[in-house]
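# Close look at the chain arrangement
The residues making up each chain are set out below.
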Amino acid sequence: MPENSPVRKFWKCPSCQRIFKARNQWHSCRKVEEEVPLKKSSPEVLKMYQEVKKFCASLGKVHTSITINAIFIKCPSTFVALKPGKNWLDVEFFTLAEETGFPVFKSVRVSKNRWACKIRYEGEKEIWAVIKKYIRESYKIVQKKRPLRAGD
Ligand SMILES: [Zn+2]
């Protein structure tokens, strides 16, 4: 495929298996285990994390990218970022409009039609219902932007 093909392809680093937009994109090339960003988290937070991960996996063929303080859930690009604390899990996702009301505590415009929003999840059932709604929306936003192709 020509280098400037209009069809967007993703590049998988052969050594750490992480996926990037650009070929040979710079990144800290090492595998971080899932336990690392979660090492200070309470068992309740670990449970919340598993819950979110399972829900994301139910939406499509997702993969994760892990850094020392966050877990990014991708399909194929990031639609959820999880930042675990000791007693909470910060869940970040994309929306098409600014969200300011509770439980969203942060909303940053990242492009013309995209906001990155954040909810602090501490295990409440009502919040979880809201998070699921937002994650589903964020997943759709990422799909629309970059249609999946066979083999991606
Ligand atoms: Zn790498």
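Residues numbered from 1 in each chain as written. Predicted model: local features only at pLDDT ≥ 70, side-chain atom pairs only at ≥ 80, totals over all residues.

### Overview of the overall build of the protein
A count of helices and strands for the protein gives two helices and eight strands. Of the regular secondary structure in the protein, the N- to C-terminal order runs β-β-α-β-β-β-β-β-β-α. The buried share of the protein, taken over its 152 residues, is 20%. Counting only contacts in the protein whose residues sit at least 6 apart along the sequence, the fraction spanning at least 24 positions is 50%. (Helix = DSSP H or I, 4+ residues; strand = E, 2+ residues; numbered from the N terminus. Buried ≥ 20, exposed ≤ 12 C-beta atoms within 10 Å, placed from the backbone. Contact = placed C-beta atoms within 7 Å.)

### With respect to the environment of I131
Residue placement: I131 occurs in helix α2 (residues 125–145). Classification of I131 by C-beta neighbours within 10 Å gives buried; the count is 22. Excluding residues that lie within four positions of it along the chain, I131 makes contacts with V91, I119 and Y121.

### A closer look at the pairing of strand β5 (residues 78–84)
Within β5, five of the seven residues are buried, leaving the element largely enclosed by the surrounding structure. Here strand β4 (residues 71–74) runs beside β5; their pairing, made up of four bridges, is antiparallel. Bridge assignment links I73 to a residue of β5, and that residue is V80. Hairpin geometry of β4 and β5 is characterised by an intervening segment of three residues between the two adjacent antiparallel strands. As defined by bridge partners, β5 adjoins strand β6 (residues 89–95) across five bridges and the pair is classed as antiparallel. Residue pairing in the sheet places A81 in a bridge with E92 of β6. The loop that links β5 with its antiparallel partner β6 comprises four residues. (Pairing = 2+ DSSP bridges.)

### Details of the environment of R120
With respect to the element layout, R120 can be found in strand β8 (residues 114–121). Linking R120 and V91, residues 29 residues apart in sequence, is a C-alpha distance of 6.3 Å. For R120, the residues in contact, after removing those within four places along its chain, are W88, D90 and F105.

### Considerations on the sheet that holds β6
Within a sheet, neighbouring strands are paired by backbone hydrogen bonds and run either parallel or antiparallel to one another. With antiparallel pairing, the six strands of this open sheet are ordered in space as β3-β4-β5-β6-β8-β7. Of all strands in the sheet, those bounded by a partner on one side alone are β3 (63–66) and β7 (104–111). With direction set aside, neighbouring strand axes in the sheet form an average angle of 20°. As judged from the four bridges shared by β3 and β4, these two strands associate in the antiparallel manner. Residue I66 lies in a different strand from β4, and its bridge partner there is I71. (Axes fitted to C-alpha atoms, helices over the stretch in contact; angles between N-to-C directions.)

### Structural notes on helix α1 (residues 43–57)
An ideal rise of 1.5 Å per residue puts 21 Å on 15 residues; α1 measures up with 21 Å between its terminal C-alpha atoms. Inspection of α1 places V45, M48, Y49, V52 and C56 among the buried residues, and these make up the whole buried set. The buried residues of α1 all sit within an arc of 100° when viewed along its axis, so they share a single face. In this structure, α1 carries P43, Q50 and K54 as exposed residues pointing more than 90 degrees from its buried face. (Expected span 1.5 Å × (residues − 1). Arc of directions from axis to C-beta.)

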